[in-house]
Amino acid sequence: EVRELLRQDPTLLGALLDEIHEEDLADLLKLLDDDEAMLLLEQLTVDDAADIFERLDEDEQAEFVETFGAERLAAIVSEMAPDDRTDLIEALPEKIGDQLLGDLDPEAAAEVEVLIGWPEDTAGSMMTTELVRLSSSLTIDQVIVRVRSVDEEAETIYYVYVVDGKGRLTGVASLRDILLAPGGAVLSEVMYEQVHSVPPDMDQEEVARLLRKYDFTAMPVVDGGGRLLGLITVDDVMDVVE
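Criteria and thresholds
- Residues numbered from 1 in each chain as written.
- Predicted model: local features only at pLDDT ≥ 70, side-chain atom pairs only at ≥ 80, totals over all residues.
- Heavy atoms only, no water.
- Helix = DSSP H or I, 4+ residues; strand = E, 2+ residues; numbered from the N terminus.
- Buried < 20%, exposed > 50% of the residue type's maximum accessible area, 1.4 Å probe, protein only.
- Pairing = 2+ DSSP bridges.
- Core = buried A, V, L, I, M, F, W, Y, C linked by side-chain atoms within 4.5 Å.
- Contact = heavy atoms within 4.5 Å.
- Axes fitted to C-alpha atoms, helices over the stretch in contact; angles between N-to-C directions.
- Parallel < 35°, antiparallel > 145°, perpendicular 65-115°, else oblique.
- Left-handed = near helix turned anticlockwise from the far one by under 90°.
- Nonpolar A, V, L, I, M, F, W, Y, C, P; charged D, E, K, R; others polar.
- Salt bridge = Lys/Arg side-chain N within 4 Å of Asp/Glu carboxyl O.

### Thoughts on unusual backbone geometry
(1) Moving on: With a phi close to 70°, Asp121 is a non-glycine residue in the positive phi region.
(2) Moving on: Residue Asp215 is not a glycine yet carries a positive backbone phi of 60°.
(3) Moving on: Among the secondary structure elements, Asp215 is positioned in the loop between helix H15 (204–214) and strand E4 (218–222).
(4) Moving on: The class for Asp215 is exposed, based on a relative accessible area of 67%.

### Some points on the environment of Ala70
(1) Moving on: Note that Ala70 resides in helix H7 (residues 70–78).
(2) Moving on: Residues Ala70 and Leu101, spaced 31 residues apart in sequence, show a C-alpha to C-alpha distance of 8.5 Å.

### Section: the sheet that holds strand E3 (residues 169–174)
(1) Moving on: Spatially, 3 strands are ordered E1-E2-E3 in an open sheet, and the strand pairing comes out mixed. Looking at which strands have only one partner, the edges of the open sheet turn out to be strand E1 (133–134) and E3.
(2) Moving on: Here 2 bridges tie E1 to strand E2 (residues 159–163), and the two strands are oriented parallel to one another. The residue bridging Arg133 from the neighbouring strand is Tyr161, located in E2.

### Description of the nonpolar core
Among soluble globular proteins, nonpolar side chains are generally buried collectively.
(1) Moving on: One finds Phe53, Leu88, Leu100 and Leu104 to be the most contacted residues of the largest nonpolar core, which totals 35 residues.
(2) Moving on: Those elements that provide at least two residues to this core are helix H3 (22–31), helix H4 (34–42), helix H5 (46–53), helix H6 (58–68), H7, helix H8 (82–91), helix H9 (94–103) and helix H10 (106–115).
(3) Moving on: Among the elements that make up this core, the one with the highest residue count is H7 (5 residues).
(4) Moving on: In this structure, Phe53 is in contact with Leu41, Gln61, Phe64, Leu73, Ile76, Val77, Met80 and Leu88, ignoring residues within four places of it in sequence.

### Structural notes on H7
(1) Moving on: Taken together, the buried positions of H7 are Ala70, Leu73, Ala74, Ile76, Val77 and Ser78.
(2) Moving on: Packed against the buried residues of H7 are H4, H5, H6, H8, H9 and H10.

### Comments concerning the pairing of strand E5 (residues 228–233)
The two faces of a sheet get side chains in turn, since along a regular strand they alternate between them.
(1) Moving on: Of all 6 residues that make up E5, 5 are buried, and the element is covered over most of its length.
(2) Moving on: For E4 and E5, the ladder comprises 5 bridges, and the chain directions are antiparallel. From the neighbouring strand, Pro220 faces E5, where its bridge partner is Leu231.
(3) Moving on: The antiparallel pairing of E4 with E5 creates a hairpin that spans 5 residues between the two strands, and Gly226 there sits at a positive phi of about 85°.

### Considerations on the packing of H7 against H9
(1) Moving on: Where H7 contacts H9, the two axes come as close as 9 Å, and the packing angle between them is 55°. One element, H7, and the other, H9, form an angle in the oblique class. The two elements H7 and H9 meet at a crossing, and its hand is right-handed. Contact with H7, carried on its side by Ala70, Glu71, Ala74 and Val77, involves Gln99, Leu100 and Asp103 of H9 and no other residues of that element.
(2) Moving on: Here the contact of H7 with H9 is built from residues that sort into 4 nonpolar, 1 polar and 2 charged.

### With respect to the pattern of salt bridges
(1) Moving on: One pass over the full model with this rule turns up 9 salt bridges.
(2) Moving on: Two residues, Arg227 and Asp223, come together in a salt bridge whose shortest N-O distance is 3.0 Å.
(3) Moving on: Judged by its relative accessible area of 41%, Arg227 is partly exposed.
(4) Moving on: Using a relative accessible area of 18% as the deciding quantity, one classes Asp223 as buried.
(5) Moving on: Through salt bridges with shared partners, one network takes in Glu23, Asp51 and Arg55.

Spelled out as structure tokens, the structure:
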């Protein structure tokens, strides 16, 4: 049915695609030929297309970029999670990767520049920079407003991370604790100050071991000065385990 609509009138695909899970759409892309798959992606919003595109393997993503050009895929790649976006650029031939980096949204390109400097298979190369960083002086009501405002940008909002004026990690609070606290309470009253974190140069297998040991869904990455650099989520760790 999708293939028939692609041939007849791709603009009618919207309602049908809304009923299909992103993972199933990613599988569907693999069944279509390259032109059909690209046409399908272009019928989606950029956010939805990015969500599906980043579910493909890096080699499959790279093939799309090499086939259709960096400029045509740049908007979709700009909306991918920073760690997935960086992995794609590193998987491309250097010339094409540089071209794609130059075509990205400036903020997306800056995120890649931060992540691409870390050695492969380290915590720094796995982390995302999309997370919720807040001040401990905010009230719970203010925290909830901030969490809602960044919902589309953060890779996970199960936790919010508390930083001081210099960006140093000082605490963490779960979304459950935040929702159960009185609206007028201050974030410092519900956060945990003893935060497990990893350095950016830690081997990814050690990161996976720690996440399994503590049964966390995410682990912050902190530099030698205590500054919060990013976040490693359990889905990234599952890739390492596999």
